[in-house]
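Each chain, letter by letter, is given below.
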2 protein chains.
Amino acid sequence: MNEEKVILYSYWRSSCSWRVRIALEYKRIKYEYAPIHLLKDGGQQKSEEYSKVNPMKSVPSLIINGHVIGQSLAILEYLEEVYTINPLMPKDPLKRAISRQMMQIIGSDIQPLQNLKVLGAVAQLSGDDSKKAEWARQWIANGFNGLEKLLEIHSGKYCVGDEISFADLCIPAQVYNAHRFNLDMTPYPNIARINETLSSIPEFKSAEPLNQPDAEKPTC
Amino acid sequence: MNEEKVILYSYWRSSCSWRVRIALEYKRIKYEYAPIHLLKDGGQQKSEEYSKVNPMKSVPSLIINGHVIGQSLAILEYLEEVYTINPLMPKDPLKRAISRQMMQIIGSDIQPLQNLKVLGAVAQLSGDDSKKAEWARQWIANGFNGLEKLLEIHSGKYCVGDEISFADLCIPAQVYNAHRFNLDMTPYPNIARINETLSSIPEFKSAEPLNQPDAEKPTC
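Parameters at a glance
Residues numbered from 1 in each chain as written. Chains lettered and ligands numbered in written order. Predicted model: local features only at pLDDT ≥ 70, side-chain atom pairs only at ≥ 80, totals over all residues. Heavy atoms only, no water. UniProt positions renumbered as here; feature names shortened; annotations may be inferred. Helix = DSSP H or I, 4+ residues; strand = E, 2+ residues; numbered from the N terminus. Pairing = 2+ DSSP bridges. Axes fitted to C-alpha atoms, helices over the stretch in contact; angles between N-to-C directions. Contact = heavy atoms within 4.5 Å. Least-squares fit on C-alpha atoms with pLDDT ≥ 70 in both. Salt bridge = Lys/Arg side-chain N within 4 Å of Asp/Glu carboxyl O.

As annotated in an unreviewed UniProt entry, chain A carries the name maleylacetoacetate isomerase and is attributed to Dictyostelium purpureum. UniProt's Catalytic activity (unreviewed entry) comment on chain A is quoted here verbatim: "4-maleylacetoacetate = 4-fumarylacetoacetate". We quote the UniProt Sequence similarities (unreviewed entry) comment for chain A here in full: "Belongs to the GST superfamily. Zeta family."

Draft legend 1. Examining the UniProt feature "domain: GST N-terminal" (unreviewed entry) in chain A more closely. The positions UniProt marks with the feature "domain: GST N-terminal" (unreviewed entry) are residues 4-87 of chain A. As annotated, residues 4-87 of chain A comprises 35% helix and 20% strand, and the C-alpha atoms at either end are separated by 19 Å.

Draft legend 2. Just the sheet that holds strand 1 (residues 6-10) of chain B, in detail. All names here are of chain B. As summarised here, the arrangement of the four strands in space is 2-1-3-4, forming an open sheet in which the pairing is mixed. Only two strands of the sheet have a single neighbouring strand rather than two, namely strand 2 (32-35) and strand 4 (67-70). On average, each strand axis in the sheet is tilted by 20° relative to the strand beside it, whichever way the strands run. With four bridges connecting them, strand 3 (residues 61-64) and strand 4 associate as antiparallel partners. Directly across from Ile63, in strand 4, lies its bridge partner Val68. This element, helix 1 (residues 15-26), spans strand 1, strand 2 and strand 3 of the sheet and lies at about 155° to strand 1.

Draft legend 3. A look at the relation of the copies chain A and chain B. With an axial shift of 0.0 Å and an RMSD of 0.0 Å, the rotation relating chain A to chain B amounts to 180°. What the rotation and shift describe, once combined, is the action of a two-fold rotation axis. When C-alpha distances to the rotation axis are compared across chain A, the minimum falls at A:Ser108, with a value of 2.3 Å.

Draft legend 4. Here's a closer look at the UniProt feature "domain: GST C-terminal" (unreviewed entry) in chain A. Cross-referencing UniProt, the feature "domain: GST C-terminal" (unreviewed entry) maps to residues 92-217 of chain A in the present numbering. In this annotation, residues 92-217 of chain A is assigned 66% helix and 0% strand; the end-to-end C-alpha distance for the span is 42 Å.

Draft legend 5. Spotlight on the pattern of salt bridges. By the definition in use, this model includes 14 salt bridges over all chains. Here A:Arg100 makes a salt bridge to B:Glu81, at a shortest N to O gap of 3.1 Å. Of this pair, A:Arg100 sits in helix 4 (residues 93-110) while B:Glu81 sits in helix 3 (residues 72-82), each in a different chain. Ionic pairing is found between B:Lys5 and B:Glu32, a salt bridge with its closest N-O pair at 3.4 Å. Within this pair, whereas B:Lys5 is found in the segment before strand 1, its partner B:Glu32 is found in strand 2, the two being separated by 27 residues in sequence.

Now the structure itself:
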């Protein structure tokens, strides 16, 4: 697959882009980084040109030989199916299910409720910009409460036993956001521990926001 | 797999339960229906007993021989991996990716933003109960705008060509909710057409809310 041309539309601080960057690093897939600035120019993801790439007007989008795939979790599944080296999922169907359950808690029950677009709508609805962080904390805590309990049962070194799996790919960005919104992590020792473990893995490090070509000095 | 004991914790009108019921019907898996009433008793999903089954306190949960899997999309993937009869996904990795992209648009970008819990928070935030439907319509429209464009490119009889796939399993409940919140479906001819086609398939019919043992006469 090495001759394929792979492009990732990404934003350095986007949680969903981050997950995919880890998978690409992990599977040693060379890719071109195409930055989409979510704030500049009223949001470059809303441009007519990018809307044709991804009609949801969101990042990431992965282009492989001219084929476009959107939605980070769909991209992860595709990469795992097609690039078989360095597996990102265990073989046992039940472990795979638990990893996807954890991944979906982050990907459905947490991240979508505290992304840029939704927080904008929250500020508009409440007429109070300061409600954004409170709203974000509420949903991150709600999801982390459930995730932490699953980790108590299923985690080892990583989210599901001692093998890296999809769930782990979703941890760093969500913990980063938790810190960004000043969530107290004390009730989540397993999430914090696994995040710490993951942060020392070179492929996870390379995928971090500050190591991206479009990284900026964080302002919040 | 026929001797396995399968239990589905479900609520008749839950979108996420509905998706899983279609898969179970489609794969001819006999299961025990365990109703969890999301409104009665302050929400039976919040009970101590059910929280042990599913720490996210949400439906569905699937029990197979004592193993628990939560999050509907994780359950779909598990069923497809383990029960190989009547496949719910095409073989081609790119088509699978597009189906999952569509599924995740509904599963991450729409449904989580307009479920019972979030609409409660919206009412609380705005201090105005009538904001709930407006909020729900906004996010369903946002997701349907993207989904409709993908369907223009990829759909055939169903969401991705002429084979049933995961994306189709997510359509009926989301269109049902769109109607419930009075969303004008005129801009979404492909979504409406596919929903109509799916509604005549026996397995889809059996999974409908009103055909569940805990169905009630809808009040809204």
